[in-house]
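Here are the chains, one letter per residue:
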Amino acid sequence: MKAHKSRGRTPIFLVSAIFFACTLSGCFQKRASASAQSQFIFNTICQVNLYEDSTDELYSIIFSRLRQIENIFNSHSPSSEISRVNENAAESAVEVSEDFFIVLKTALNFCTLSGGAFDVTVGPLVKLWNVTGENPRVPSDEELKRVMSIVGYKNVILSENEGKPTVRFARKGVQLDFGAIAKGFAADEVEKILREKKVRRAVISLGGNVYVHGKKSRSEKWSCGIRNPFGEGNAATLFLNDTSIVTSGGYERFFEKDGELYSHILNPATGFPVRTDIVSVTIVCPNSMAADALSTSIFVSGLESIAQFAQSSLCPDFGCIVIDKDGTIYATRNVEGALLFPKEKKIEWL
């Protein structure tokens, strides 16, 4: 699962994706309109640009909704819903909001689909390695054994009785972490508002979760660059409308110990940072929650897992672009018409 590179205590939302400035560029080749607004939410800069149909009231509605979501899923706030659940669910079932229920249900579905490569209970493991903190370290075997005994999505019991959803933990110490899905949910909720208000063109950037709404113009699609993980510029550019773009990469946040690099993306099955030839995974999907979860799942599971995810109703119509350590680009055929890459790049179609 993912963690962010800031120092000190980092709210959960920053573990969901890499910063927009680090992984995606070029979405704003057309100069942003004067009506674009940004606020600091989820411990990152969230920007919404309503290129048409913008009003102060609509911006207020959008950012109020984002703050509402932040207040639900911020595990570092003792008053948040996730903190209440993490503190009490091992003792008895805790009633949760509809938003919490939707995100947890979706997360658990991806946990099952991925065979645990995506795991919503990975929080204690992320804290143990502390890659994003002041003192990241390689934990001892004893520490890993202790924490791994409580990491496991099957320890989460989600129920719904008479329209009242509840969450219970099967054992003490279990802690939910929505870092790889909460901002995807937030992007989807903003997109829902844009559709309800009949906004024609907009770009949503929530740190690393980007949603391009409508068309850039009658003849143009939005252009989104996938960063070259080995240097300057973009490895490829996507031309898209009405979809989200989420990238996971192991090259942005890591620490070095005794000559070995330890990535921020952890494998819930081993307790260690993922060891893989994959450098980055970009998901294109109309559902940003699915894109968020898939980017982590495929990074952990590998290229061979893409076909499995493509067969699931949880992942409707997603495209995938993977870059490996040799610079080879692997891409699913359904993005072929939208993907532009330098001629010297080697590409394998999946």
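The model shown is predicted, which means the values in this text are computed figures rather than measured ones.

Peer 1: Which residues make up the packing of helix α2 (residues 56-73) against helix α4 (residues 98-113), and what are the values?
Peer 2: Two numbers describe how α2 lies on α4: the axes approach to 10 Å, and their chain directions differ by 70 degrees. Taken together, α2 and α4 sit at an angle that is classed as roughly perpendicular. For α2 against α4, the interelement crossing comes out right-handed. Taking contact as the criterion, the partners of Arg-65, Ile-72 and Phe-73 in α2 are, on α4, Asp-99, Phe-100 and Val-103. Grouping the constituent residues of the contact of α2 with α4 by class yields four nonpolar, no polar and two charged.

Peer 1: Could you give an account of the packing of aromatic side chains, naming the residues involved and the relevant values?
Peer 2: All chains considered together, the criterion is met by seven aromatic pairs. Judged by centre distance (5.8 Å) and plane angle (15 degrees), the ring pair of Phe-73 and Phe-100 falls under stacked. Of this pair, Phe-73 sits in helix α2 while Phe-100 sits in helix α4, and the two are 27 residues apart along the sequence. Take Phe-73 and Phe-100: they sit in the same class, and that class is buried. A centroid spacing of 5.3 Å and a plane angle of 85 degrees characterise the contact between Phe-100 and Phe-178, whose relative ring orientation is edge-to-face. Of this pair, Phe-100 sits in helix α4 while Phe-178 sits in the loop between β6 (164-169) and α7 (182-196), placing them 78 residues apart in sequence. Both residues of the pair, Phe-100 and Phe-178, count as buried. One aromatic cluster in this structure is built from Phe-73, Phe-100, Phe-178 and Phe-185.

Peer 1: Lay out the pattern of salt bridges with the relevant residues and their values.
Peer 2: Following the criterion strictly, the structure yields 13 salt bridges and no others. Of the charged contacts, one joins Arg-201 and Glu-52 as a salt bridge, the two residues approaching to 2.7 Å between their closest N and O atoms. With Arg-201 in strand β7 (residues 201-206) and Glu-52 in the loop between β3 (44-50) and α2, the pair connects residues that are 149 residues apart, well separated along the chain. The exposure class assigned to Arg-201 is buried, which follows from its relative accessible area of 10%. Classification of Glu-52 by relative accessible area gives partly exposed; the value is 26%. One salt bridge in this structure joins Arg-84 and Glu-81, with 3.6 Å as the shortest N-O distance. Placement of the pair is Arg-84 and Glu-81 together in helix α3 (residues 81-88), with a separation of three residues, close to one helical turn.

Conventions adopted
- Residues numbered from 1 in each chain as written.
- Predicted model: local features only at pLDDT ≥ 70, side-chain atom pairs only at ≥ 80, totals over all residues.
- Heavy atoms only, no water.
- Axes fitted to C-alpha atoms, helices over the stretch in contact; angles between N-to-C directions.
- Helix = DSSP H or I, 4+ residues; strand = E, 2+ residues; numbered from the N terminus.
- Parallel < 35°, antiparallel > 145°, perpendicular 65-115°, else oblique.
- Left-handed = near helix turned anticlockwise from the far one by under 90°.
- Contact = heavy atoms within 4.5 Å.
- Nonpolar A, V, L, I, M, F, W, Y, C, P; charged D, E, K, R; others polar.
- Phe/Tyr/Trp six-rings, centres within 6.5 Å; stacked < 30°, edge-to-face > 60°.
- Buried < 20%, exposed > 50% of the residue type's maximum accessible area, 1.4 Å probe, protein only.
- Salt bridge = Lys/Arg side-chain N within 4 Å of Asp/Glu carboxyl O.

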